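Understanding the architecture of this molecule
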Amino acid sequence: LVHLAFVAEGDAEVVVGLGVVRLEAEGFLELADRLIHLAFLGERDAEAVLELRADPATTWATITDYAALPDFMPGIRACRVRERRRQGAGRERLVVEQEGEFRFLGFAQEMTVLLHVEHEAERVATARAVRIELGLMKQRAIEVFEGCYTLTPRPGGVQLHYRAVIGLALPP
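Everything quoted here is computed from the prediction, not taken from an experiment. (Residues numbered from 1 in each chain as written. Predicted model: local features only at pLDDT ≥ 70, side-chain atom pairs only at ≥ 80, totals over all residues. Heavy atoms only, no water.)

Further remarks concern the overall build of the protein. Each helix and strand counted, the protein has two helices and 12 strands in total. Ordered by position from N to C terminus, the α and β elements of the protein give β-β-β-β-β-β-α-α-β-β-β-β-β-β. Looking at the 172 residues of the protein, the share that counts as buried comes to 42%. Long-range pairs, those at least 24 residues apart, make up 43% of the contacts in the protein with a sequence separation of at least 6. Total accessible area on the protein stands at roughly 9,400 Å², and carbon and sulfur atoms take up 53% of it. (Helix = DSSP H or I, 4+ residues; strand = E, 2+ residues; numbered from the N terminus. Buried < 20%, exposed > 50% of the residue type's maximum accessible area, 1.4 Å probe, protein only. Contact = heavy atoms within 4.5 Å. Areas by Shrake-Rupley, 256 points an atom, 1.4 Å probe, with all protein chains shown as cover.)

Those residues of helix α1 (residues 56-63) that sit buried are T59, W60 and I63. Here the buried residues of α1 occupy an arc of 100° about the axis, which is enough to place them on one side. Among the residues of α1, the N-terminal cap falls to D55, whose side-chain oxygen and the backbone nitrogen of A57 are separated by 3.1 Å. (Arc of directions from axis to C-beta. Polar contact = N/O pair within 3.5 Å; in protein donor to acceptor, adjacent residues only side chain to side chain.)

Turning next to the packing of aromatic side chains. What the rule picks out here adds up to one aromatic pair. Where Y149 meets Y162, the ring centres are 4.6 Å apart and the plane angle is 40°; that geometry is what we call tilted. With Y149 in strand β11 (residues 142-154) and Y162 in strand β12 (residues 157-168), this pair connects stretches of sequence that are 13 residues apart. Classification of Y162 by relative accessible area gives buried; the value is 8%. (Phe/Tyr/Trp six-rings, centres within 6.5 Å; stacked < 30°, edge-to-face > 60°.)

Here A61 shows up in helix α1. A61 gets classed as partly exposed once you look at its relative accessible area, which sits at 43%. For the pair A61 and E122, spaced 61 residues apart in sequence, the C-alpha separation works out to 8.6 Å.

By the element assignment, E92 lies in strand β8 (residues 91-104). At 2.3 Å, the side chain of E92 and the side chain of R86 are in polar contact.

Right, dumping it as structure tokens:
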């Protein structure tokens, strides 16, 4: 449903459904029934906020449908849930593996990422990369990847907030 990627300094790419939107720096953009807010919160942090005319259950089912991720996430070829453990009270922990291609400044490398994901009561989904295999560079190109979706029911829909920390470890 939402993909946030740094494209170049000051730019970002936001994928909503099957549409791609490029934004120059921070801003708002209205897309049909969605309002997108994008903000850079530092060198490695960014957030996107969407107001959706969709019920929370449908929104949750969409953002946690890991098998469907390759259908709308650029660069992802496969996404599999390797492990799922129920924790009680609406909580669960997953191990998710993604395979695809990492693109940065016209450079592309094959990538495999292993994520630890936590779901909280169909309201919060948090992911943290625990292994990143990036072509010849393996773990050295990306220091950190963490992402968090938070759903907040609103009259007539849901607010979807996504925050990401993406730390690249590229040479100066």
